[in-house]
Amino acid sequence: MTSHLLAAPLAEVAPALDLLTVPRVMARLQLGRSAVYDLLRTGQLASITLGRARRIPTHALTDFIRTRLEQDAS
């Protein structure tokens, strides 16, 4: 019964915790590996490092796209 009570809050938080690999970001942005790593290196795209693996939170990718759209609009 306790696990059922905890399931709802975790389900609400889970989408915000989705992490993407660099190849998935490459596919979504239709960019090459070097271009994605340049965005990460310059801080334009936020990421976290887990051991030797680089992961990009989905919200960071969404924020990056939103920022670029706003820059292009102005």
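Procedures and definitions
- Residues numbered from 1 in each chain as written.
- Predicted model: local features only at pLDDT ≥ 70, side-chain atom pairs only at ≥ 80, totals over all residues.
- Heavy atoms only, no water.
- Helix = DSSP H or I, 4+ residues; strand = E, 2+ residues; numbered from the N terminus.
- Buried < 20%, exposed > 50% of the residue type's maximum accessible area, 1.4 Å probe, protein only.
- Contact = heavy atoms within 4.5 Å.
- Areas by Shrake-Rupley, 256 points an atom, 1.4 Å probe, with all protein chains shown as cover.
- Pairing = 2+ DSSP bridges.
- Arc of directions from axis to C-beta.

J.: Can you walk me through the overall build of the chain in this structure?
T.: Of the regular secondary structure elements, the chain holds four helices and three strands. When its helices and strands are written in sequence order, the chain yields α-β-α-α-β-β-α. Burial analysis of the chain (74 residues in total) assigns 18% to the buried set. Once local pairs closer than 6 in sequence are excluded, the contacts in the chain between residues at least 24 apart make up 47%. If you sum the accessible surface of the chain, you get close to 5,700 Å²; carbon and sulfur atoms cover 57% of it.

J.: Would you mind showing me how to read the sheet that holds strand β2 (residues 48–50) here?
T.: The strands making up a sheet are joined through hydrogen bonds of the backbone, oriented either antiparallel or parallel. Pairing is antiparallel in the open sheet, where three strands are placed in the order β1-β3-β2. Unpaired on one side and paired on the other, β1 (19–20) and β2 mark the two borders of the sheet.

J.: Would you mind showing me how to read helix α3 (residues 33–41) here?
T.: Residues lying three or four places apart along an α-helix face the same way, a consequence of the helix completing one turn every 3.6 residues. The set of residues buried in α3 consists of V36, L39 and L40. Buried positions in α3, seen along its axis, are confined to an arc of 100° and lie on one side of it. Exposed and oriented more than 90 degrees from the buried face of α3 are S34 and R41. Lining the buried residues of α3 we find α2 (22–29), β3 (53–57) and α4 (58–73).

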